[in-house]
Amino acid sequence: MTQSKQQFDGTTVIGLLKDGHAVIGADGQVTFNATVLKKNARKVRKLFNNSVLVGFAGATADAFTLLQKFEEKLQQYNGNLSRAAIELAKEWRTDKYLRRLEAMLIAMNREKMFLISGTGDVVEPDSNVIAIGSGGPYAYAAAQALLKHSSLSAREIVEQSLHIAADLCIYTNTALTIEEL
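Read on for a plain summary of the structure. (Residues numbered from 1 in each chain as written. Predicted model: local features only at pLDDT ≥ 70, side-chain atom pairs only at ≥ 80, totals over all residues. Heavy atoms only, no water.)

Points about the sheet that holds strand β1 (residues 13-18)
- Read from one edge of the open sheet, 4 strands run β10-β1-β2-β11, paired in antiparallel fashion. Each edge of the sheet is formed by a strand with only one pairing partner; in this case those strands are β10 (129-132) and β11 (177-180). On average, each strand axis in the sheet is inclined to that of its neighbour by 10 degrees, with strand direction left out of account.
- Bridging between β1 and β10 involves 4 bridges; their strand directions are antiparallel. Counted as the bridge partner of glycine 15 is isoleucine 130 from β10. (Pairing = 2+ DSSP bridges. Helix = DSSP H or I, 4+ residues; strand = E, 2+ residues; numbered from the N terminus. Axes fitted to C-alpha atoms, helices over the stretch in contact; angles between N-to-C directions.)

Section: the pattern of salt bridges
- Per the stated rule, a full pass over the model turns up 7 salt bridges.
- For glutamate 179, the salt bridge is made with lysine 46, and the minimal N-O distance between the two is 3.9 Å. On the criterion of sequence distance, the pair formed by glutamate 179 in strand β11 and lysine 46 in strand β5 (residues 44-47) is long-range, its members being 133 residues apart.
- One salt bridge in this structure joins arginine 83 and glutamate 87, with 3.3 Å as the shortest N-O distance. Placement of both arginine 83 and glutamate 87 in helix α2 (residues 81-94) is noted, with a separation of 4 residues, approximately one turn of the helix. (Salt bridge = Lys/Arg side-chain N within 4 Å of Asp/Glu carboxyl O.)

Okay, structure coming up:
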């Protein structure tokens, strides 16, 4: 599962579940049109007592606003990832201010992962991989191949997939941030 209806250039975020481990990683590049503004941004976080991983793509201020809203939903629903994701998507879609935000989130714990978008999508992928951003399709394909044809750990697959995406996507670099549960 890669992109939703929204497409964001400028980043690669990938989440993976394997052998009881949840791993999310992202590159660090921030671009404005054809200019690299920052090389080491942190686009992934641990939330709710370090039990939930979140990664984001899109307009930076919008992504941080949604990240804050998602954290509030996690608190409100006592860490219930599914409920928090659905409630965030509902609010995002119906609130006049929020529905203008241009960003996407990947949220995951050790059991589940979701893509959450402003179009109201809350998608739980069939496979144990999800990726967003301009380099998302490359990272997703690499992760699927590595899952099938290697014995690498979840963290190693995320790292290698991000490096492959960086080799192919001009909006993705190799200044990686990787978080694991």
